[in-house]
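Fold and contact review
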Amino acid sequence: MKCYETTTASSTSTYTVAAGTTIGFKADQGLYHPGYLDIYMAKATPTANTESAGSGAVWFKVAEWLPTWTKTGGFTWPS
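Now for a quick tour of the structure. (Residues numbered from 1 in each chain as written. Predicted model: local features only at pLDDT ≥ 70, side-chain atom pairs only at ≥ 80, totals over all residues. Heavy atoms only, no water.)

1. Observations regarding the overall build of the chain
Of regular secondary structure, the chain possesses zero helices and four strands. Shown N-terminal to C-terminal, the secondary structure of the chain runs as helices and strands in the order β-β-β-β. Every one of the 79 residues in the chain was classed for burial, and the buried ones make up 8%. For the chain, the share of sequence-separated contacts (at least 6 apart) that also reach a separation of at least 24 residues comes to 39%. Surface accessibility of the chain: about 7,000 Å² in total, with carbon and sulfur atoms responsible for 58%. (Helix = DSSP H or I, 4+ residues; strand = E, 2+ residues; numbered from the N terminus. Buried < 20%, exposed > 50% of the residue type's maximum accessible area, 1.4 Å probe, protein only. Contact = heavy atoms within 4.5 Å. Areas by Shrake-Rupley, 256 points an atom, 1.4 Å probe, with all protein chains shown as cover.)

2. Quick word on the environment of Leu 66
Note on placement: Leu 66 falls in the loop between strand E2 (60-65) and strand E3 (68-70). For the pair Leu 66 and Tyr 36, spaced 30 residues apart in sequence, the C-alpha to C-alpha distance is 4.9 Å.

3. A short note on the pattern of salt bridges
Oppositely charged side chains can form a pair if their charged atoms are brought close together. All chains considered together, the criterion is met by two salt bridges. When the shortest N-O distance is used, the salt bridge between Asp 38 and Lys 61 registers 3.8 Å. You can see Asp 38 sitting in strand E1 (residues 37-41) and its partner Lys 61 sitting in strand E2, a full 23 residues away along the chain. What makes Asp 38 partly exposed here is its relative accessible area of 23%. Residue Glu 64 is joined to Lys 61 by a salt bridge in which the shortest nitrogen-to-oxygen separation is 3.1 Å. On the basis of relative accessibility, which here comes to 40%, the residue Glu 64 falls in the partly exposed class. What you see here is one network of salt bridges that share partners, running through Asp 38, Lys 61 and Glu 64. (Salt bridge = Lys/Arg side-chain N within 4 Å of Asp/Glu carboxyl O.)

As far as function goes, none of this settles anything; it's purely spatial.
Spelled out as structure tokens, the structure:
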């Protein structure tokens, strides 16, 4: 995983998966984002443990979490 706000290359590892495989992740803390949340993936080139991995227009969206809205409750964000 790579966050645009941090440098994570030194603690990065990779996994090889076949196209069409369902993947996931487990966070060691709660996920919170004050807005909609998009999750993207990219090929780790040249290698995952370099800060240049994932640079440029190489990302593709794999998930999106949007809020719901009701007239009485306003916005509700997924937890």
